[in-house]
Amino acid sequence: MEIVYVYIKKRSEFGKQCNFSDRQAELNIDIAPNPELAEQFVERNPVDTGIQCSTSMSEHEANTERFEMETRGVNHIEGGWPKDVNPLELEQTIRFRKKVEKDESYINAITQLGSIMEHCIKQNNAIDIYQEYFDDEDPVEVTEEAPSAKTINVFRDPQEIKRPATHLSWHPDGNRKLAVAYSCLDFQRAPEGMSHDSYIWDLENPNRPEIVLKPSSPLVTLEYNPKDSHVLLGGCYNGQIACWDTRKGSLVAELSTIEFSHRDPVYGTIWLQSKTGTECFSASTDGQVMWWDIRKMSEPTEVVIMDITKKEQLENALGAISLEFESTLPTKFMVGTEQGIVISCNRKAKTSAEKIVCTFAGHHGPIYALQRNPFYPKNFLTVGDWTARIWSEDSRESSIMWTKYHMAYLTDGAWSPVRPAVFFTTKMDGTLDIWDFVFKHCDPALSLKDNGGFIACGSKLGTATLLEVSHGLCTLQRNEKNIASSIFERETRREKILEARHREMRLKEKGKAEGKDDDLREEETAVNLEELVAKAEEEFFNVIFAELKKRETEALKKSKPVGASSRGLGGWVGARAPAFCLLADLLGDLEQVAFPGGLHLSIWQVGGIPPFLQRNPVFKRTSGSLRIGGMLSASWNPLPTPTGSLNMRVPTE
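The model shown is predicted, which means the values in this text are computed figures rather than measured ones.

Caption draft 1: The arrangement of the overall build of the protein in detail. From N to C terminus, the protein includes six helices and 34 strands. Buried residues in the protein amount to 37% of all 653 residues. Accessible surface, the protein as shown: approximately 43000 Å² in total, 52% of it carbon and sulfur.

Below, the structure written as structure tokens:
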């Protein structure tokens, strides 16, 4: 870094008039050569001398004459009618107008006044060359240049014992200044004699800080008041909250009492949206979030314990590391904890337990950064352990997007204020990663080692580096808002589907675990039922077969002729009596029929017997002998005849 010196000149010395006059030359001093002095010099040969050959130019500034503009209005009241014309009578006024319009003097007057009026209208419609006419148009798509960044300035800790830069805050008015908090966070390892000072730097002067802030304890965090750029809020290492007014000097203007302050270092402070602009809240690893009013810093106005069990017990509270508050959502704030859980809270809740609304768990370690997307506030960024994650308030069980696991620990992160798809992360190895998930998801668009349009990065060595990123990374791309919104919605829907599936699987596993004994009892009951059904069927069929044997014996006692041949016999037999009676008559006839070898007669009962018994022929006769064959027919279909009788098919094979 080159050493820069600022030359200062008073305003009264600018433009001082020079008066010249002719006068005789005067000899003011005459120094004779001294040979002894010549011995102290060495002759230089050859001699190189630079000569400026370009034309000398000068620059002058002049103020042009100010052109003052004035706006005047004229109220026109209808009048000037002759006495014989009543202006309230429409017919009289129309008649008078037609008369006047035919007058030559009226026509000449209108012609002269028309040119003057036209000149005034043209003046009123003159084009403003400085006016932006295309503010509402979509931005022009930037050229596909490679993402890049360059170092603008480096602000080094002026102390001999270097301290890590723990927090940075931009000046709210044009980002002309940068407030940097310096503190050593290694417990009981701070070197002896280490300074407690923090600084406000002017971006144009990196050699010397503009203002030195002198706290009673090293500052861990430092924030500008967005409503009053002269006021800063700081969180100290000893748990106190300090407030500065730069108009009053370097000393603390307001300081909280140690008895009502945090018990651990204050890792997060943030200003609230309020009418007075004096309200803020702080967070610490002691598990408390405190509300403050800088006009009364003796004690906090309210304290919320980060106990997600909602028992309001400090020993169960989760340590708070980071805070998030969005002015468009004035009733909500979020807290990032040491345990990797994000707690969403409601400011307007009545009790401390009701203030904790829901939680988002996804990190394995402390959440060092927590910020909502400036374009889509329901989506927020968290940075912790080895990843950065993007969440949606609609999906609480898991994040919708995340980066890969890095080899180095992530230390901080932030959204781009001008592009909804760009965010920044820093790692423990000194790398700054710039992510553009419209461009690619897996890897950062740009990674810088040891190094809006400007980025400020603090390092462990106490240096704050100001970087200027390329035009493509700080200019809104065409349709980028729609693309980013569609990506967020798509990933949210995907996570909801996965959550529903995961919930269903957990319920099934829970049901299996709880109903294991019930299943065993159901299996035993099912086995017993099957045995009972089999036994009942066996008993039922035994009764049927006994009845059939009985009917067969009775049928053999009777005989009636029936026609038969060796080729085959078949036909429908009608019966008005029950099927069993018909079988007895047929069997008596079939006793007298002689069948050739290999032929048999089957009688199929079609109706009158339940369908689960209809599987095989009722009776079967083969080679002249009659026997009972198995079970009943496989098809049960009562076929009503025109007379309403039951029909049977008697085939012979």
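Caption draft 2: Looking closely at the pairing of strand β12 (residues 288–293). Most of β12 is tucked away, with six of its six residues classed as buried. Burial of β12 is two-sided: the residues Q288, M290 and W292 facing one way and the residues V289, W291 and D293 facing the other way are all buried. Here five bridges tie strand β11 (residues 279–284) to β12, and the two strands are oriented antiparallel to one another. Bridge pairing links S282 to M290 in β12. Turn length for the β11-β12 hairpin, with the two strands adjacent in sequence and antiparallel, is three residues, and the turn residue G287 shows positive phi of about 90 degrees.

Caption draft 3: Local environment of the sheet that holds strand β16 (residues 341–346). Ordered by their spatial adjacency, four strands build an open sheet running β14-β15-β16-β17, and the pairing between neighbours is antiparallel. Each having just a single partner strand, β14 (320–324) and β17 (356–361) make up the two edges of the open sheet. Neighbour-to-neighbour, the strand axes of this sheet turn through a mean angle of 25 degrees, independent of strand direction. When strand β15 (residues 332–337) meets β16, the two strands line up antiparallel, connected through five bridges. Among the inter-strand pairings, G336 is bridged to a residue of β16, identified as V342.

Caption draft 4: Expanded view of the pairing of strand β2 (residues 165–170). Here β2 runs beside strand β3 (residues 177–182); their pairing, made up of five bridges, is antiparallel. Residue pairing for β3: H167 is matched across the bridge by A181. Here β2 folds back onto β3, and the loop between the two strands holds six residues, one of which, G174, carries a positive phi near 80 degrees.

Caption draft 5: Quick peek at the pattern of salt bridges. Using the criterion set out here, one finds 23 salt bridges in the structure. Residues K404 and D443 are paired through a salt bridge, measuring 2.9 Å at the closest nitrogen-oxygen approach. Placement of the pair is K404 in the loop between β21 (401–402) and β22 (410–415) and D443 in the loop between β24 (431–436) and β25 (446–449), with a sequence separation of 39 residues. Exposure remark for D443: the relative accessible area of 31% places this residue in the partly exposed category. Here R419 makes a salt bridge to D436, at a shortest N to O gap of 2.9 Å. Of this pair, R419 sits in the loop between β22 and β23 (422–427) while D436 sits in strand β24; the two residues are 17 residues apart in sequence, bridging distant segments of the chain. We note that R419, like D436, is buried. Each of R490, E491, R494 and E495 takes part in one network of salt bridges that share partners.

Caption draft 6: Structural detail: the packing of aromatic side chains. Enumeration over the complete set of coordinates arrives at 19 aromatic pairs. Cluster of aromatic residues (ring-pair linked, three or more members): Y376, W415, F423, W435, F437 and F488.

Caption draft 7: The arrangement of a nonpolar patch on the surface in detail. A cluster of nonpolar side chains, V4, V6 and I8, forms an exposed patch at the surface whose accessible area comes to about 320 Å². In this fold, V4 is placed in the segment before α1 (35–38). For V4, a relative accessible area of 45% translates into the label partly exposed.

Caption draft 8: Spotlight on the nonpolar core. Counting residues in hydrophobic clusters, the biggest one holds 18 residues, and the most contacted among them are F281, V289, W291, M306, F333, V335 and I343. Those elements giving two or more residues to this core turn out to be β11, β12, β14, β15 and β16. Sort the elements by how many residues they give to this core and β16 lands first, with three residues. Excluding anything up to four places from it in sequence, W291 contacts L272, C280, F281, P300, T301, E302, V304, F333 and R347. One finds A369, A388, F423 and W435 within the second-largest nonpolar core, a separate group that totals 17 residues.

Caption draft 9: Spatial organisation of the sheet that holds strand β20 (residues 387–392). Strand order across the open sheet formed by four strands is β18-β19-β20-β21, with antiparallel pairing between neighbours. At either end of the open sheet lies a strand with only one pairing partner, and these are β18 (367–372) and β21.

Caption draft 10: Unusual backbone geometry, seen in detail. Following N45, the chain continues into P46 via a peptide bond in cis, with omega recorded as 5 degrees. Residue position: P46 is located in the loop between α1 and α2 (90–101). Even without being a glycine, D385 presents a positive backbone phi close to 45 degrees. When you line up the elements, D385 lands in the loop between β19 (379–384) and β20.

Caption draft 11: Quick peek at the confidence of the model for the protein. Confidence along the protein averages 76 in pLDDT terms, with 78% of residues attaining 70 or more. pLDDT under 50 marks residues 559–653. Its contacts with residues more than four places away, or in other chains, come to 179 contacts.

Caption draft 12: Fine view of the environment of L461. Tracing the sequence through the fold places L461 in the loop between β26 (454–458) and β27 (464–469). Exposure remark for L461: the relative accessible area of 63% places this residue in the exposed category. The contacts of L461, once residues within four sequence positions are left out, are K162 and R163.

Caption draft 13: How the structure looks around helix α4 (residues 480–514). Counted at 1.5 Å a residue, the expected span for α4 with its 35 residues is 51 Å, and the 51 Å between its end C-alpha atoms agrees. Among all positions of α4, only E480, A484, S485, I487, F488, E491, T492, E495 and E499 are buried.

Conventions and cut-offs
Residues numbered from 1 in each chain as written. Predicted model: local features only at pLDDT ≥ 70, side-chain atom pairs only at ≥ 80, totals over all residues. Heavy atoms only, no water. Helix = DSSP H or I, 4+ residues; strand = E, 2+ residues; numbered from the N terminus. Buried < 20%, exposed > 50% of the residue type's maximum accessible area, 1.4 Å probe, protein only. Areas by Shrake-Rupley, 256 points an atom, 1.4 Å probe, with all protein chains shown as cover. Pairing = 2+ DSSP bridges. Axes fitted to C-alpha atoms, helices over the stretch in contact; angles between N-to-C directions. Salt bridge = Lys/Arg side-chain N within 4 Å of Asp/Glu carboxyl O. Phe/Tyr/Trp six-rings, centres within 6.5 Å; stacked < 30°, edge-to-face > 60°. Patch = residues over 30% accessible without salt bridge, like charges linked within 9 Å, V, L, I, M, F, W, Y side chains within 5 Å. Core = buried A, V, L, I, M, F, W, Y, C linked by side-chain atoms within 4.5 Å. Contact = heavy atoms within 4.5 Å. pLDDT = per-residue confidence, 0-100. Expected span 1.5 Å × (residues − 1).

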